[in-house]
Amino acid sequence: MEKYDVVILGGGNAGMGVTVATRAAGLSVAMVEARDLGGTCPNRGCTPKKVLVAAAHTLDEIARAGTHAIKIEPPRLDWRALIEREKDIIADIPSRLSGLMAKRGVDVIHGEAAFVASNAVRVGTRELEARNIVIATGSKPRPLSIPGAEFMTTSDDVLSDFTLPRAAVFIGGGVIAFELGHVYARAGVEVTILEALPQLLGGFDEDAVAQIRAESERLGIRIHTKAWVKKIERTDGRLRVSFAKDGAECSLDADRAVNCAGRVADVERLNLGAGVIVHREGRIEIDEHLRSRSNPDVYVCGDAVWNSPQLSPIATYEGGVVGRNIVDGPKHRPDYGHIPACLYSIPAVASVGLTEAKARERGLGVKVHLNNMQDWLTARTYAETVAWSKIIVEETTGRILGAHLVGHAGEELIHIFALAMKHTITASQLADMVYGFPTFSADIRNML
Ligand SMILES: Cc1cc2nc3c(=O)[nH]c(=O)nc-3n(C[C@H](O)[C@H](O)[C@H](O)COP(=O)(O)OP(=O)(O)OC[C@H]3O[C@@H](n4cnc5c(N)ncnc54)[C@H](O)[C@@H]3O)c2cc1C
């Protein structure tokens, strides 16, 4: 039995986050990683996806060249070369992170870990015992129990597929479906999104969702809500996806059916029972310090936490909170209130704080500043197809409670709102700033 102060299961954002405070405090730390260091975000998530989004963004700019009086030949995208570029950009990340962990004094062990006791795990033939064990094993696509589920692919496949399909169906209308759907649509693929619920993009402000839905449909993406996928069959080398909608049986043919029905904590193979860790179908019960309720020596962070947003900065942040709790004793609690979330469709949707519905649900007295900015000078200059904002301000204090933007460089501007919220800069103080002109940021004065 090898002994450590801390053993971290998973070498993604969350696991890396744990190493900062624990190593600074001189604790002995081992990190067990079954695949590539860095986990989903740099290898199969944010970074490779953004390379494709950047290409789609360029195609969008080219499509609008005419409004700037630029004549251009129809562009031709070399999809294979784009995927090669994506792979090239991320290729050295695991080895760079390996160097970082070595410098930080973390023992990285390659292999798959599973609990053998409340304070011990096995990795291959090795057994590791620790005062604290951290579950940072991330998430995986939610398995769907429908006939033909084996024909579905995942976002991992989209990011590695050298062939561009003629038509693709995304099953589930969440962030990944919209982001990859927008990339595919710009690349000329026929895209359909099927969502079982009435609402797309759960968690985002409903009016912002309506804006991006309309823009997606304008691009030719077909979207069905309240559409229950029943089965997938292989017919003539293609896939037939059957679904029920409004009492009718519908079907459509495509070359890919991508599982985008959410992601669940990847904890199934951890032998949680041996670790005395109570869970309901993989949802580990944790307290406000991210400790397992049934085994307080075990912490959970990142996508493996079932009820916090699955975002890489949140995974790193939760890892940091766990690291500090291990060092200082359990006294730090995560606060998600000022962390922005972006949907990298083209244009992007950016959001921080409360949605209007949530603010009203809480009975807060709010003033809602709603702007369609499409006829503003900045939007016209850049020929924006959507430029929309909703800023929610508390009436009595002038505090910003939430900001939601579609287009208009929202994925960058949102950080100004987040900073204002974190440091209690009021709406009138934000409007009082002198901004560089003409910029998207300068429009913040008029959004409030
Ligand atoms: C297609 C896609 C696009 C995304 N885009 C964005 C984005 O633009 N912005 C954003 O903020 N977030 C994005 N995300 C989400 C983001 O990637 C995750 O929230 C983040 O990577 C979670 O980090 P983590 O450390 O919790 O898990 P992971 O990064 O998944 O790391 C977990 C690690 O644990 C390892 N592991 C699992 N089980 C074991 C075991 N038993 N033993 C040892 N190792 C194990 C896995 O191999 C993995 O490397 C995206 C996700 C996807 C899938």
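What you see is a predicted model; the values in this text were computed from it and never measured. (Residues numbered from 1 in each chain as written. Predicted model: local features only at pLDDT ≥ 70, side-chain atom pairs only at ≥ 80, totals over all residues. Heavy atoms only, no water.)

### Focus: the domain arrangement of the protein chain
- Looking at the assigned domains, one finds that the protein chain contains domain 1 (2–141 + 264–328), domain 2 (149–261) and domain 3 (347–447).
- Look at where the C-alpha atoms of domain 1 and domain 3 centre, and you get two points 31 Å apart. (Domains from an automatic or database assignment.)

### Quick look at the pattern of salt bridges
- Enumeration over the complete set of coordinates arrives at 27 salt bridges.
- Of the charged contacts in the structure, one is a salt bridge between Lys3 and Glu129, with a shortest N-O distance of 3.4 Å. Taken together, the residues span a long stretch of sequence, with Lys3 in strand S1 (residues 2–9) and Glu129 in strand S6 (residues 126–135) at a distance of 126 residues.
- On the accessibility criterion, Lys3 (62% relative accessible area) is exposed.
- Its relative accessible area of 28% is what places Glu129 among the partly exposed residues.
- In this structure, Asp266 and Arg269 form a salt bridge, with 3.1 Å as the shortest nitrogen-oxygen distance. (Salt bridge = Lys/Arg side-chain N within 4 Å of Asp/Glu carboxyl O. Helix = DSSP H or I, 4+ residues; strand = E, 2+ residues; numbered from the N terminus. Buried < 20%, exposed > 50% of the residue type's maximum accessible area, 1.4 Å probe, protein only.)

### A few points about the site of the ligand
- By nearness alone, 35 residues border the ligand, and Ala14, Glu33, Thr40, Lys49 and Asp303 come closest of all.
- Take Lys49: an N or O atom from its side chain is 2.5 Å from an oxygen atom of the ligand.
- Within the backbone of Ala113, one N or O atom sits 3.0 Å away from a nitrogen atom of the ligand.
- Protein contact buries 94% of the 1000 Å² of open area that the ligand shows by itself.
- When the residues that make up the shell around the ligand are grouped by side-chain class, the tally is 13 nonpolar, 14 polar and 8 charged. (Near = heavy atom within 4 Å. Polar contact = N/O pair within 3.5 Å; in protein donor to acceptor, adjacent residues only side chain to side chain. Areas by Shrake-Rupley, 256 points an atom, 1.4 Å probe, with all protein chains shown as cover. Nonpolar A, V, L, I, M, F, W, Y, C, P; charged D, E, K, R; others polar.)

### A word on the side chain of Asn325
- With respect to the element layout, Asn325 can be found in helix H9 (residues 312–328).
- Judged by relative accessible area, Asn325 falls into the buried class, the value being 1%.
- A distance of 3.2 Å separates a polar atom in the side chain of Asn325 from the backbone oxygen of His289.
- A distance of 2.6 Å separates a polar side-chain atom of Asn325 from the backbone nitrogen of His332.
- Setting aside residues up to four positions removed in sequence, Asn325 forms contacts with His289, Tyr299, Pro330, Lys331 and His332. (Contact = heavy atoms within 4.5 Å.)

### Considerations on the nonpolar core
- The biggest cluster of nonpolar side chains holds 48 residues, and the ones touching the most others in it are Val7, Leu9, Phe115, Val134 and Ile135.
- What Val7 contacts, discounting residues up to four positions off in sequence, is Ala30, Val32, Val121, Leu128, Ala130, Asn132, Ile133 and Val134.
- One finds Ala185, Ile193, Val258 and Trp388 within the second-largest nonpolar core, a separate group that totals 38 residues. (Core = buried A, V, L, I, M, F, W, Y, C linked by side-chain atoms within 4.5 Å.)

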